[in-house]
Amino acid sequence: MTVTDATAEERSTLDSLFGRVSRGRSLRVDLGALETVLREAGICADLKGAMEALDGPIEDSRALRSAEEAAWRRVFDSAGLRLRAEPRLSAWLSELEATGLLRRASGGDVDEGEALLAAACAVLLHLPAKAMPLAEFAAQTTGDTHGLDIGQPLSALLMRAIARVTGMNPPDDSETRREVWAAVGVLCDELSAPVLVLNLRANSDSPTARALAIHAEAGEPYRVSTRQLLRAPLTFSAASAVVYVCENPTIVAIAADRLGPRSAPLICTEGTPKTAFASLARQLVEAGVTLRYHGDFDWPGVQIANLLVKRFGADPWRLGPNDYLRAPLGPPLEGEPVTASWSPDLTSAMRRHGRASHEEQVVDDLLADLAEQ
């Protein structure tokens, strides 16, 4: 070992210890010779013992890291065994391990991480639920009605796991979090933001299906809650091969006024789709129904259309660049431009003209399509 720029005191001490006179700015210390001096003087058996007597136990950091990694490996192996019946969750476990998310959630404590992951596995094995409120589900699976509240480490882990199983993106806001839970039968705010429909009929004989039929016969709009959709999922036939989707409830009201029961089935996002809309759309798509979407020609409208195309395979309905160019133009476009995934030419036309066009301005064209069905 070399001590650079040794002080006079350091040089004097080492020279006394080794019985020598040293010169120069740096000071070389033979550790083997130092250990021999300490041992022959009867101070300690070896250099390690001397260091520990002065500074406490010396830890083998490499061995500790190796032992810690082995412990974390056992945590994930154990979880893999618990979830072996659900192979889609193996990617989730790999993600937790690769990103260190579990370690961060548990503060780097292996025991805490093991308990947290075991709790997540226990919850996942109870899914899907049968339209159970979140607090009740949390009490049943964790023993705490708030155990799955947003902000809890367990909730964050579960959101990623459920998104993997359902093919959804991990939620980044409270609304998409409700949708992820709803996809596995857990209800958050089950009565808020029901989905608005017109002339939608279902095959089943549930109270909701009967209510839909009564309103369709009268050509009157009806609202369906997340609670209804999850407690008694609707089934649809090939007769409902196409269901139209609009962004604004005014379109539903006008269709009911002018067409009544003659209108094709129509459902409304009422802006950004909420949980009830997503649940209904998922049930329609799973039955083989095609969704055709029209929204405002503005950047939020394009963003909503992109979402529906991506998540539900919706077909754009009168949303091409020519449709925009023929539509009456309204106020200036505001916000950052959004590329239309189905037609970059639409985005180019909107940027070029810089004006919005809202659904109400083309309602006659939309009603013509609804009346032809």
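Every value quoted in this text rests on a predicted model; they were computed, and no experiment measured them.

A.B. asks: How would you explain the packing of aromatic side chains if you had to name every residue and give the values?
C.D. replies: Under the criterion given, the structure shown has four aromatic pairs. The interplanar angle of 80 degrees and the centroid separation of 6.3 Å between the aromatic rings of Phe 277 and Phe 312 together place this pair among those described as edge-to-face. Of this pair, Phe 277 sits in helix 14 (residues 275-286) while Phe 312 sits in helix 15 (residues 299-312), and the two are 35 residues apart along the sequence. Given a relative accessible area of 2%, Phe 277 falls into the buried group.

A.B. asks: Please give an account of the packing of helix 14 against helix 15 that cites residues and values.
C.D. replies: Relative orientation of the contacting elements helix 14 and helix 15 amounts to 45 degrees, with a least axis distance of 11 Å. Taken together, helix 14 and helix 15 sit at an angle that is classed as oblique. As helix 14 packs across helix 15, the resulting crossing turns out to be right-handed. On helix 15, the residues that touch Phe 277, Ala 278, Ala 281, Arg 282 and Val 285 of helix 14 are Leu 308, Arg 311 and Phe 312. Of the residues contributing to the contact of helix 14 with helix 15, the split by class is six nonpolar, no polar and two charged.

A.B. asks: Could you give me a rundown of unusual backbone geometry, with the residues and numbers involved?
C.D. replies: The omega torsion of the bond from Leu 127 to Pro 128 falls at 0 degrees, within 30 degrees of zero and hence cis. Its identity as a non-glycine residue notwithstanding, Asp 5 has a phi of 50 degrees, on the positive side. For Glu 270, which is not glycine, the phi dihedral falls at a positive 50 degrees. Turning to its location among the elements, Glu 270 is positioned in the loop between strand 8 (266-268) and helix 14. Classification of Glu 270 as partly exposed rests on a relative accessible area of 29%.

Rules behind the numbers
- Residues numbered from 1 in each chain as written.
- Predicted model: local features only at pLDDT ≥ 70, side-chain atom pairs only at ≥ 80, totals over all residues.
- Heavy atoms only, no water.
- Phe/Tyr/Trp six-rings, centres within 6.5 Å; stacked < 30°, edge-to-face > 60°.
- Helix = DSSP H or I, 4+ residues; strand = E, 2+ residues; numbered from the N terminus.
- Buried < 20%, exposed > 50% of the residue type's maximum accessible area, 1.4 Å probe, protein only.
- Axes fitted to C-alpha atoms, helices over the stretch in contact; angles between N-to-C directions.
- Parallel < 35°, antiparallel > 145°, perpendicular 65-115°, else oblique.
- Left-handed = near helix turned anticlockwise from the far one by under 90°.
- Contact = heavy atoms within 4.5 Å.
- Nonpolar A, V, L, I, M, F, W, Y, C, P; charged D, E, K, R; others polar.

Everything listed here is a matter of coordinates, which is why it stays silent on function.
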